[in-house]
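As a plain string of letters, each chain reads:
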Amino acid sequence: MQASLEQLSQIIVFAGLETAEKISLHPYTQVQRYRKGEIILHEGDVLPAKLYAVVSGAIRVTKTATMGKETILRALAAGEIFAAPALLGNGISPATVTAESDCEILTVERDALLKAIGQNPEIALRMLMVFNSRIQQLHETVHGLVSERAIVRLARLIQYFAAESGTESASQGECLKVKLSYYRMARSSGITYEECVRLIKSLKPVIAYSRGGTITIFDADKLDAIASGDIAVLNHS
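The structure displayed is predicted, hence computed values, not measured ones.

A. How the structure looks around the overall build of the protein chain. Summing up its helical and strand segments, the protein chain has nine helices and 12 strands in all. For 237 residues, the compact-globule formula gives about 18 Å, and the C-alpha radius of gyration of the protein chain, at 20 Å, lands near that figure. When the backbone C-alpha atoms are referred to their principal axes, the protein chain occupies close to 60 × 40 × 30 Å. For the protein chain, the residues scored as buried account for 44% of the 237 residues in total.

B. Main features of the pattern of salt bridges. Summed over all chains, the structure comprises seven salt bridges. With a shortest N-O distance of 2.5 Å, R184 and E100 are connected by a salt bridge. In this pair, R184 is assigned in helix α7 (residues 182-189) and E100 in the loop between β7 (96-99) and β8 (103-109), connecting sequence segments 84 residues apart. You'll find R184 and E100 in the same group, each marked buried. The closest approach of N and O atoms between E195 and R198, which form a salt bridge, is 3.7 Å. Within this pair, E195 and its partner R198 are both found in helix α8 (residues 193-202), separated by three residues, close to a single helical turn. On the basis of relative accessibility, which here comes to 26%, the residue E195 falls in the partly exposed class. Three or more residues joined by partner-sharing salt bridges are found here, namely R60, E100 and R184.

Cut-offs used in this document
Residues numbered from 1 in each chain as written. Predicted model: local features only at pLDDT ≥ 70, side-chain atom pairs only at ≥ 80, totals over all residues. Heavy atoms only, no water. Helix = DSSP H or I, 4+ residues; strand = E, 2+ residues; numbered from the N terminus. Rg over C-alpha atoms; globule rule 2.2 N^0.38 Å. Buried < 20%, exposed > 50% of the residue type's maximum accessible area, 1.4 Å probe, protein only. Salt bridge = Lys/Arg side-chain N within 4 Å of Asp/Glu carboxyl O.

Okay, structure coming up:
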């Protein structure tokens, strides 16, 4: 089915468009629903020339190495765009995209998008800002995998999801709204499952991990110190 004007407005790069501009895009849109765990794009797929965006729910972007190890590159929520090569690259999906929850994916045909950009260059500027942020994040991730201790990467990962998905007050601290399993944290940090379990246990004075992937931050200042490379704070906890 085609996207509604309200759904178009929810996409970051289209926020602030005039109604007439959204109406001109409307005939060239499509919205498709996916169930939790369903594959949206496979790594290596040939992509149609379209812009892809999350209307509702959340998705997970993963990359599989030649040896079969899967790494989670990022998680994206409603409003985010993805699959840049469909618009700007070779048209081949560089990663696998999976529905993290029941979700709706919106697509806009490239020719219609280019016409809209010609009328409102702000769209292209917003897209460039998104892709630049992703490149910077990838650079930091690669740098971390090479040069930083695993516990630092893990602390930064927890901070990232706390900021990205939010927290809610609990009796002993702040509880992350998103569930983070050991598997997900290990794959996102470039460590083994066993090492992830060990490191989470070592962070007990700072955070708590409950069955099902619930994480509660007891001491945000100490978590920030660890994420900055100051591991010594654990010895004084």
